[in-house]
Amino acid sequence: MDTDINSKAFQEFSRTANTIINPEIEKWKENGGQVMGYFCSSFPEELVTAAGLLPFRMRATGSTETDLADACFSSINCSFPRHCFNEALKGSYDFLDGLVVYNSCDSTRRIYDHWIDKLKTPYVQILSIPRKAEDPQVEWCRDEFHNLKKSLENHFKVNITDEKISDAVKLHNETRKLLKQLYQYKKPDNPKVTGAETLAIVVACTAMPKTVCNSLLKELINDLENVPDRGHAGARLMVIGGELDNPGYLEIIEAQGCQVVTDSLCFGTRTFWKTIDESESDPLYALAKYYVQERPSCPRVYGMYEQRSGHVKQMIEEFNVEAVILEKLNFCDPWGFEMFTIKNTFDDWGIPLLMLDRDYPLSGTGQLKTRIQAFLESMGGAS
Amino acid sequence: MDDKTKKSLERVYEEIARYEMYEELINQNPDGLSHLHIPLVQNVLRQHRTTVECISEGKPLVASYFTNAPELYTAMDLHWYCLISQAFGGGGENPHMLEDLEALDDMPLSSDICTLLRLGIYYLDAGLLPRPTAVVPLIEPCDGVVGAHEVLRNHREWRDLPFFAPDPPYYGDERSISYFSNELQRMVDFLEEHTGQKMDYDKLKEVCDETNKQYALWAEYNSLRGSVPCPHGHTLGMACFALCNGAGAGDPEHTKWYNDLIINGEKRIRENDPEVPNQKIRLLWFDVQPIWFANLAPWLEQEWGACVVQDMFGFAPYTPVDTSSIETMLHDLGKRNLLDGPMVRQARGIAANFLTDIENIVNDMQIDCVIVPGHMGHKDGSASISFMRNKCREIGVPFLYIGVDQFDKRYTTVDEVKDRISKFFTSMGLGS
């Protein structure tokens with residue numbers, strides 16, 4: 001990644017985001033640690049940390065083909081799970097000691113079925129996370145997390161106490177607060193960190209121990225104080241949408257004369273803008289309340305559009321956003337429907353909106369550049 | 001009635017006219033099945049006329065779906081209509097489909113998401129849905145229903161209406177049933193609050209007693225469809241679903257219909273007089289039929305001697321409802337609507353749910369081959385095809401996956417579907 005940031009911490013984040021397995025995971029494994037993969041952002045990774053395992057959020061960085069997974073998924077399934085499962089069949093996730101999938105979307109939930117059919121990972125679980133966010137759903141989810149805790153305890157022969165969960169919540173909250181602090185450097189007219197860079201950092205934070213990640217984030221924030229003015233970066237854009245873990249996509253957008261100053265993405269502010277309540281006496285309940293009701297949801301959750309659009313509006317105002325890009329993966333039903341309401345909302349707000357479809361691997365970059373350029377021109381040119 | 005209200009009933013009136021014509025045609029040309037077809041037509045007419053009456057007279061009206069326990073609506077004396085029913089075009093080819101699809105192409109919705117659910121949004125956007133008092137949407141078995149109903153909930157035309165969506169969990173264990181039953185109780189509370197209608201639990205007992213009889217008769221009828229040859233063609237098998245699950249669930253007239261269906265089926269078996277003569281292939285069509293190919297079943301029957309013995313909606317492993325208390329009724333309605341209702345049963349949850357159905361149907365009904373049309377909206381289904389294929393290989397029945405849009409013939413044409421099926425039958429040595 002091209003960057004002006006002279007920071008070892010950033011280099012490590014960038015390297016980590018560019019690969020699936022990374023030196024921190026290797027070190028963790030060498031020391032006898034175990035790694036738990038999980039899909040999507042409503043999974044309570046705090047429970048995995050409390051179990052003494054390393055949570056690793058699944059992605060298919062570097063994948064270019066789906067030839068092996070094509071026997072399991074069809075061409076009308078979203079390319080994200082297809083590439084992920086292809087990597088799994090290639091052995092890229094052989095370092096995992098376990099995997100938890102939940103009913104996040106129709107294509108991704110089928111990874112669970114194919115994984116237990118085709119792979120030998122010793123621990124594979126599926127969770128039922130509610131599709132709406134009322135109080136009984138928080139209670140259901142609390143029970144679901146309790147069952148997951150018991151299952152982890154049984155399989156990994158560990159004892160997950162409330163104290164350990166509370167400690168894990170504090171640790172993960174610290175990551176959230178540090179990421180939020182990092183985003184403050186995107187608020188000025190001349191941001192010190194680009195959208196591509198922050199995406200790389202957020203992605204990397206899901207693939208390394210949180211203690212390491214927090215230490216690197218502090219180092220990076222310190223380094224950013226010394227980053228020189230990077231010059232006027234053009235129109236201030238926000239990117240919203242679903243699964244996007246490739247900083248290269250945002251690099252292409254920003255190279256057209258604009259700056260992605262904030263986001264509402266699955267690997268983005270939706271995962272860290274809010275923190276988990278540390279004062280709640282039942283930490284499992286606090287986790288359930290956070291993941292079901294409090295964190296900005298994705299469109300898989302019914303009845304929460306106001307909350308989702310409220311988060312977008314807050315970001316637009318806080319970061320002085322001039323226009324928004326909605327990116328969605330082809331064949332993604334949750335975002336495919338949500339875009340209708342988003343379009344109407346943005347018409348009401350009077351904020352320019354560009355809607356882009358894409359496949360999981362970076363492709364069609366020429367068309368992407370042309371569309372961004374045309375969009376910027378329609379706004380009166382990159383300022 | 002203002003122009004907007006009139007427009008919202010336009011398609012309802014059209015369907016009434018179409019079904020009145022069907023009724024007249026059947027009466028003019030009676031045959032040995034007229035007494036079974038007439039009640040189906042009259043049922044649709046009764047539902048549509050009640051919708052018009054609700055709108056005209058300001059009576060409570062709910063927009064909902066079949067797996068939201070229709071017995072509850074009957075017991076509350078609440079009429080409801082299905083939000084997407086007009087896409088099915090009143091039983092024949094939908095005369096508006098092409099114009100609707102063209103209008104849909106201009107809406108800010110991805111073309112790769114379920115066309116049926118996109119049509120539901122179009123109907124509201126175009127003012128073609130009667131305005132209900134309350135909406136009780138589905139949020140399973142697919143991402144599409146969640147997304148589509150979130151759009152409806154936030155649409156400028158309906159955002160002032162009360163919505164409540166029961167949440168079916170991913171599993172089918174006792175904990176899930178209890179949770180979903182509680183959701184149904186919350187749905188009743190919601191309906192009482194927003195429609196002014198009260199739940200009459202004595203009436204619910206009567207309704208459940210009646211649907212219990214109907215489901216038992218339906219199961220008995222399905223055992224007749226397992227006979228060789230199958231006594232009836234596809235239409236009557238599919239129709240079993242509509243009477244138990246539609247508005248007016250629990251009507252004793254429906255019980256009489258199931259009885260008459262069994263009597264007719266038994267007679268045809270006894271006299272070796274199947275509705276579809278020269279049956280050579282017994283087919284499981286694992287979905288609904290493409291609505292743009294209304295002649296699919298007749299074509300299969302006439303061209304190949306292939307009888308659609310079962311489909312996704314005609315199979316009824318239904319849980320009887322224990323009517324001894326309010327708690328048992330809600331519990332068992334939860335179970336029935338979580339574990340038994342078509343689509344929610346198969347597509348919600350793990351892929352094995354599809355396989356159980358396929359294996360049971362193939363074994364119980366002496367099926368020769370399985371065809372999955374593969375609707376483009378069924379992403380979970382398309383990610384489960386390899387499991388279905390392997391299951392069919394394991395139990396020794398040929399399997400075909402086509403890949404269609406059940407609602408848009410521009411996606412896969414009638415000729416392409418015919419060609420795929422014909423080549424499949426030929427290569428598998430079926431029908432010769």
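Residues numbered from 1 in each chain as written. Chains lettered and ligands numbered in written order. Predicted model: local features only at pLDDT ≥ 70, side-chain atom pairs only at ≥ 80, totals over all residues. Heavy atoms only, no water.

Caption draft 1: Representation of the nonpolar core. Judged by nonpolar contacts, the single largest core of 134 residues is most densely connected at F56(A), Y93(A), W115(A) and F145(A). When near neighbours in sequence (up to four residues on either side) are disregarded, F56(A) contacts I20(A), I25(A), V35(A), M36(A), G37(A), Y38(A), Y93(A), F95(A), L96(A), T206(A) and A207(A). M199(B), C208(B), L338(B) and F354(B) belong to the second largest nonpolar core, which has 77 residues in total. (Core = buried A, V, L, I, M, F, W, Y, C linked by side-chain atoms within 4.5 Å. Buried < 20%, exposed > 50% of the residue type's maximum accessible area, 1.4 Å probe, protein only. Contact = heavy atoms within 4.5 Å.)

Caption draft 2: Fine view of empty space enclosed by the protein. Residue and element names in this part refer to chain A. Overall, the coordinates contain eight cavities of 30 Å³ or more when judged by the stated rule. Lining the largest cavity are 27 residues, and of these C40, C105, T108, E243 and C332 sit closest to its centre. Of all the elements in the fold, those that place two or more residues in the lining of the largest cavity are α4 (79-90), α5 (106-118) and α13 (333-349). Considering only residue class, the lining of the largest cavity consists of 15 nonpolar, five polar and seven charged. Forming the walls of the second largest cavity are 21 residues, and the residues nearest its centre are Y38, E45, R176, T206 and T271. At the level of secondary structure, the elements contributing two or more residues to the lining of the second largest cavity comprise α7 (162-183) and α11 (283-294). Of the residues in the lining of the second largest cavity, the class split is eleven nonpolar, five polar and five charged. (1 Å grid on protein atoms, 1.4 Å probe; cavity = no way out; pocket = protein on both sides within 12 Å on 5 of 7 lines; lining within 4 Å. Points joined across faces, edges and corners; volume = space filled by probe spheres on them. Helix = DSSP H or I, 4+ residues; strand = E, 2+ residues; numbered from the N terminus. Nonpolar A, V, L, I, M, F, W, Y, C, P; charged D, E, K, R; others polar.)

Caption draft 3: The arrangement of the domain arrangement of chain B in detail. All names here are of chain B. As assigned here, chain B comprises domain 1 (3-195) and domain 2 (201-316 + 350-428). On a C-alpha basis, the centroid separation for the pair domain 1 and domain 2 is 22 Å. Tallying the contact residues gives 40 residues for domain 1 and 41 residues for domain 2. Buried surface at the junction of domain 1 and domain 2, summed over both partners, amounts to about 3,100 Å²; 63% is from carbon and sulfur atoms. (Domains from an automatic or database assignment. Buried area = accessible area lost by both parts, 1.4 Å probe.)

Caption draft 4: How the structure looks around the interface of chain B and chain A. Between chain B and chain A, the contact holds 59 residues from the first and 53 residues from the second. Considering only the surface of chain B that becomes buried against chain A, D143(B), Y170(B) and R175(B) emerge as the three largest contributors, covering 16% of it. Inspection of the region where chain B meets chain A yields nine salt bridges. R308(A) serves as the salt-bridge partner of E150(B), at 3.0 Å between the closest nitrogen and oxygen. At the junction of chain B and chain A, the tally comes to 36 residue pairs in polar contact (both at pLDDT 80 or more). Going through the elements one at a time, α5 (115-125), α6 (143-154), α7 (174-195), α14 (352-365), α15 (379-382) and α16 (385-395) of chain B are the ones with two or more residues in the side of chain B that touches chain A. By residue number, the principal contributor to the side of chain B that touches chain A is α6(B), which donates ten residues. (Salt bridge = Lys/Arg side-chain N within 4 Å of Asp/Glu carboxyl O. Polar contact = N/O pair within 3.5 Å; in protein donor to acceptor, adjacent residues only side chain to side chain.)

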